[in-house]
Amino acid sequence: MRTCFGALALLAWAGVAPAAEPPHAKASPAPKSSCIECHSQLDGEAAEPVKHAADDVHFQQGLSCHDCHGGNPDSEPDDVVAAHDEKKGWNRPTRLTIPLFCAKCHADAAFMKRFDPMARVDQLAEYRTSMHGRRNATGDAKVAVCIDCHGVHGIKAVKDPSAPVHHTHVAETCGRCHANAELMRPYGLPATEPAAYKSSVHARALYEKGDLAAPTCNNCHGSHGAAPPGLQSVVQVCGSCHGREATLFREVEKKKGLNLAPCIQCMVCHDNHAVQAPTDEMIGVGPKSTCTTCHGPSDPPYRSAELMAASLERLKVRHAEASDLLARAGRAGIEVGADQVALQKASDQIVELRVLAHSFDRERYLAAAGAGLATVEVGVAAGERAFRELRQRRLGLAVSLVVIAAVIAGLLFKIRDMEGPRPEP
Amino acid sequence: MSALGKARSWLEERIGLSALVALAREKRVPVHRHSLWYYLGGMTLFLFGIQVVTGILLLLYYRPSSGEAFESVQFVMARVPFGWLIRSIHSWSANLLVFVVFVHMFSVFFLRAYRKPRELTWLSGMLLLFLMLAFGFSGYLLPWNTLAFFATQVGTEVAGRVPVVGGFALRLLRGGDQVTGGTLTRFYGFHVAVLPAMTTLLLGAHLLLVQRHGMSVPPSVEAEAQRTGKPPRDLPFLPGFLLRDAVGWCVALGTLAALAAFLPWELGIKADPFAPAPAGIRPEWYFCWMFETLKLLPGRVLGVDGELIGILAFGLGALVWTLIPFLDGEKGGERLRRALVLAGLLALAYMAAMTVVAYLPGRH
């Protein structure tokens, strides 16, 4: 999905004229033109496009002002009329026409291929499916268009860490509008999502751990086709990363012939933008349980949640005991490396239980917990065996030292007996 | 005649045991205020014997390949009855052996026991010391754990820096350009075949020379005897000295048993040649003083590689030290002797200090 942003970065440089022909692809940096010569001597808004030209990915690819805006770049620097000759295609896009303006190149597969054989050319089509695009098509000039995310001039490639659409900046870029309550009010949007996302486990992974695999806005909502995922899609959206949980969830639906989407979705337990790291307390009937949000003590699932939580807790407690026993035995010098490796399987089984909670299948869950417990008991037995051996070693040492001391005493007696008392000097 | 008497008579006819016993009974050990140092040779021999016995027992289970070495030692430690004891004693005894060898060497040096006609005894002793270090270096890698793997990489790199023969030495030790399973197999070969064979020959020569020349009496004791006209008291080697030796051996055995029971030798984590080198890599303690010195040397000294200067200095130092009996000959004056004693004290202090530095917290 992030590649969409990359393609869109190339999309919005400036200007209008959707009907104009795409410019020719060029390999070297753009040559000087009268546009640059003239605009670089101007002040204010008229000078802005030239200021950022050097950083612009289009300029770096050899494109220049007239490739998007038309006009005559060969005119005399002070001939404003000739430079902005509409007969030569000069144009300036409005917010409503910007998507078409950018798409004249970015929807042209043959043209884009010259710069990047892998370039996507469906950004406009996707945009039209987004809430932004749909409203833009109806004449709403306030909704986001290409330049709101990518910038106007000085557009950077999506892989450039300083680009506003780089993975690490997407949340701020979206937040520029979606955190603005005034701007969101007419659309009935709460403007709290960016702040909620910043508090999530996903944002912490991205910003604190620097994990670029952690999702940001566009990973769930799409880039150019940005829209809230429908209820039927939530499992698929979350499942694009949390695959096993989503598979288990869908299995329940298939097995029971249910459509759970309207009543239970990932976000019912995990929230959506403010997703937090799940805890084991979420399973069960305790104060932090998410099961009890919907199920009361009279519901059969309530009892299931209680049993599942108890089995997970027992497994964790015994696992901790086994780990501690083996660690202490290891510190005491007993070789328990192989037993510790075997116990790692139980750690995997605990993780598996946490995932299996998404199956809502009590029997399956308890069977897995039983298998984990069996592994853990082997570890406990190994730890106890190690401590028995430690005691035997200490006992063996004591006996050995007594024997050695007796031999030393015997030797000293023998020496004394042989040599007698040392004569006085 | 009893059965024992018959057996003795049978052996006497074939081997001439009584002549050997008579020879041993002739051997006498001087008794004076420095006699304690005489026990170090016997202690070294005893610990070497322990190494041979425990080493043979470990051989029954050890598998010298990168895929199985670690697991086989783990199996010895965890599953073989008393395997933990044998392996721990082998490791502790190896370290104790190196320590005792060094003390033995320094005691001989400071008591000037290398004087004529014992030059070859010193020479064979020094070669045995180098062999013990080689045993330690080769044995360190055999469990194939992370620390040993990277320490061997560093150690063999040092060998590779030696001018002219360095490249050859590096490939000879590693069996290639990198430390691999091939290096392990090679070190195993050195450890259980090449080095024992060389040690057996040199040890035989060393013991023969000790037997031939008897124990050296320190010059100070000799001078005192000359002054007083009373030669130092002596003790028959059999059984008096040997029984005292045995007391020391029993103490060593008890110490090894206690160390093995309370501080079993760690196995560590299996070596992963593709993993980055972990923090805290260092060689066995008896190489640490050299390791630390090489680390302290600047990259370049007067345009020459600093590490190379260090390696050459160690090589030259070892050579001079080995040839000490020929430098400190009869013609050498008192000033030379004092200079040698001072050099020995400085060397000892430097080695001890740098070893301590290597083990300071946060050093690695």
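Residues numbered from 1 in each chain as written. Chains lettered and ligands numbered in written order. Predicted model: local features only at pLDDT ≥ 70, side-chain atom pairs only at ≥ 80, totals over all residues.

Novice: Even after reading the chapter, I still don't get the overall build of chain B, so can you show me in this structure?
Specialist: Scanning chain B from N- to C-terminus turns up 15 helices and four strands. Burial statistics for chain B: of 364 residues in total, 30% are counted as buried. A sequence separation of at least 24 residues applies to 77% of the contacts in chain B between residues at least 6 apart. (Helix = DSSP H or I, 4+ residues; strand = E, 2+ residues; numbered from the N terminus. Buried ≥ 20, exposed ≤ 12 C-beta atoms within 10 Å, placed from the backbone. Contact = placed C-beta atoms within 7 Å.)

Novice: Where do I start with the overall build of chain A in this structure?
Specialist: Helix and strand counts for chain A come out as 22 helices and zero strands. When burial is assessed residue by residue, chain A has 33% of its 425 residues classed as buried.

Novice: Would you explain the interface of chain A and chain B in this entry?
Specialist: By convention, interface size is frequently given as the accessible area that disappears when the constituent parts associate. Counting residues at the interface gives 18 residues for chain A, matched by 20 residues for chain B. For the side of chain A that touches chain B, the secondary structure elements donating two or more residues are α21 (337–356) and α22 (362–419) of chain A. Ranked by residue count, the leading element in the side of chain A that touches chain B is α22 of chain A, at 14 residues.

Novice: Got a minute to help me understand the environment of Leu397 of chain A in this structure?
Specialist: Tracing the sequence through the fold places Leu397 of chain A in helix α22. The exposure class of Leu397 of chain A is partly exposed, given the 18 C-beta atoms found within 10 Å. What Leu397 of chain A contacts, discounting residues up to four positions off in sequence, is Ala257, Ala258 and Ala261 of chain B.

Novice: Just checking my understanding: could you explain the nonpolar core for this structure?
Specialist: Across soluble globular proteins, you tend to see nonpolar side chains buried next to one another. Residue and element names in this part refer to chain B. Of all hydrophobic cores here, the largest spans 51 residues; its most connected members are Leu47, Ile89, Leu97, Leu141, Trp144, Ala148 and Ala260. Breaking this core down by element, the ones donating at least two residues are α3 (39–59), α4 (69–78), α5 (83–110), α6 (119–141), α7 (146–160), α9 (181–213) and α11 (237–262). Sorting elements by how many residues they give to this core places α5 first, with eleven residues. Sequence-distant contacts of Ile89, defined by excluding residues within four places in its chain, comprise Ile50, Thr54, Leu256 and Ala260. (Core = buried A, V, L, I, M, F, W, Y, C linked by C-beta atoms within 7 Å.)

Novice: Which parts of the structure should I look at to understand the confidence of the model for chain A?
Specialist: It should be kept in mind that the predicted coordinates are not to be read in detail where pLDDT is low. Looking at chain A, the pLDDT average stands at 87 and 90% of residues meet or exceed 70. The low-confidence segment residues 1–21 of chain A, where pLDDT is below 50, has 86 contacts with residues more than four positions distant or belonging to other chains. (pLDDT = per-residue confidence, 0-100.)

Novice: Quick question: what am I supposed to make of unusual backbone geometry here?
Specialist: A negative phi angle characterises most non-glycine residues, just as the trans form characterises most peptide bonds. All names here are of chain B. In this model, Lys116 is joined to Pro117 through a cis peptide bond whose omega is 10 degrees. Inspection of the secondary structure assignment puts Pro117 in the loop between α5 and α6. Along the chain, Leu238 connects to Pro239 via a cis peptide bond; the corresponding omega equals 0 degrees. Topologically, Pro239 is positioned in helix α11.

Novice: Mind showing me how you'd approach the confidence of the model for chain B here?
Specialist: Put simply, chain B has an average pLDDT of 92, and 99% of its residues get 70 or more. Predicted as a complex, the structure gets a pTM of 0.69 and an ipTM equal to 0.83.

Novice: In this structure, what is going on with helix α12 (residues 170–178) of chain A? I would like to understand it.
Specialist: Since the α-helix advances by 3.6 residues per turn, residues separated by three or four positions end up pointing in the same direction. Residue and element names in this part refer to chain A. Within α12 the residues assigned to the buried category are Val170, Ala171, Thr173, Cys174 and His178. Projected down its long axis, α12 shows its buried positions confined to an angular sector of 165 degrees, all on one face. Tucked inside the fold, the buried residues of α12 contact α11 (146–150), α13 (181–184), α14 (193–198), α15 (201–208) and α16 (217–221). (Arc of directions from axis to C-beta.)

Novice: Could you clarify how one ought to interpret the packing of α4 of chain B against α5 of chain B in this entry?
Specialist: Any two packed helices are characterised by how steeply their axes cross, that is the angle between the axes, and by the distance between the axes. Residue and element names in this part refer to chain B. The N-to-C vectors of α4 and α5 enclose an angle of 115 degrees; their axes lie 5 Å apart at closest approach. In this structure, α4 contributes Val73, Val76 and Met77 to the contact, and α5 contributes Gly83, Trp84 and Arg87. Split into classes, the residues belonging to the contact of α4 with α5 amount to four nonpolar, one polar and one charged. (Axes fitted to C-alpha atoms, helices over the stretch in contact; angles between N-to-C directions. Nonpolar A, V, L, I, M, F, W, Y, C, P; charged D, E, K, R; others polar.)

Novice: How should the packing of α21 of chain A against α22 of chain A be read in this particular structure?
Specialist: All names here are of chain A. Remark: α21 packs on α22, axes separated minimally by 9 Å, with the N-to-C direction vectors making an angle of 160 degrees. Between α21 and α22, the crossing angle belongs to the class labelled roughly antiparallel. By crossing handedness, the relation of α21 to α22 is classed as left-handed. Contacts from Asp339, Ala342, Leu343, Lys345, Ala346, Gln349, Ile350, Glu352, Leu353 and Leu356 of α21 reach α22 at Arg364, Tyr365, Ala368, Ala369, Ala371, Gly372, Thr375, Val376, Val378, Gly379 and Ala382. A class-by-class count of the residues in the contact of α21 with α22 yields 13 nonpolar, four polar and four charged. (Parallel < 35°, antiparallel > 145°, perpendicular 65-115°, else oblique. Left-handed = near helix turned anticlockwise from the far one by under 90°.)

Novice: Please clarify how the environment of Ala141 of chain A should be interpreted in this entry.
Specialist: Residues and elements named next belong to chain A. Inspection of the secondary structure puts Ala141 in the loop between α10 (131–137) and α11. Placed 44 residues apart in sequence, Ala141 and Thr97 show a C-alpha to C-alpha distance of 9.4 Å. Leaving out residues up to four positions away in the same chain, Ala141 has contacts with Arg95 and Leu96.

Novice: So what exactly am I meant to see when it comes to the environment of Leu17 of chain B here?
Specialist: Along the chain, the position of Leu17 of chain B falls in helix α2 (residues 17–26). Among all residues touching Leu17 of chain B, those that are not within four sequence positions of it are Leu11 and Glu12 of chain B.

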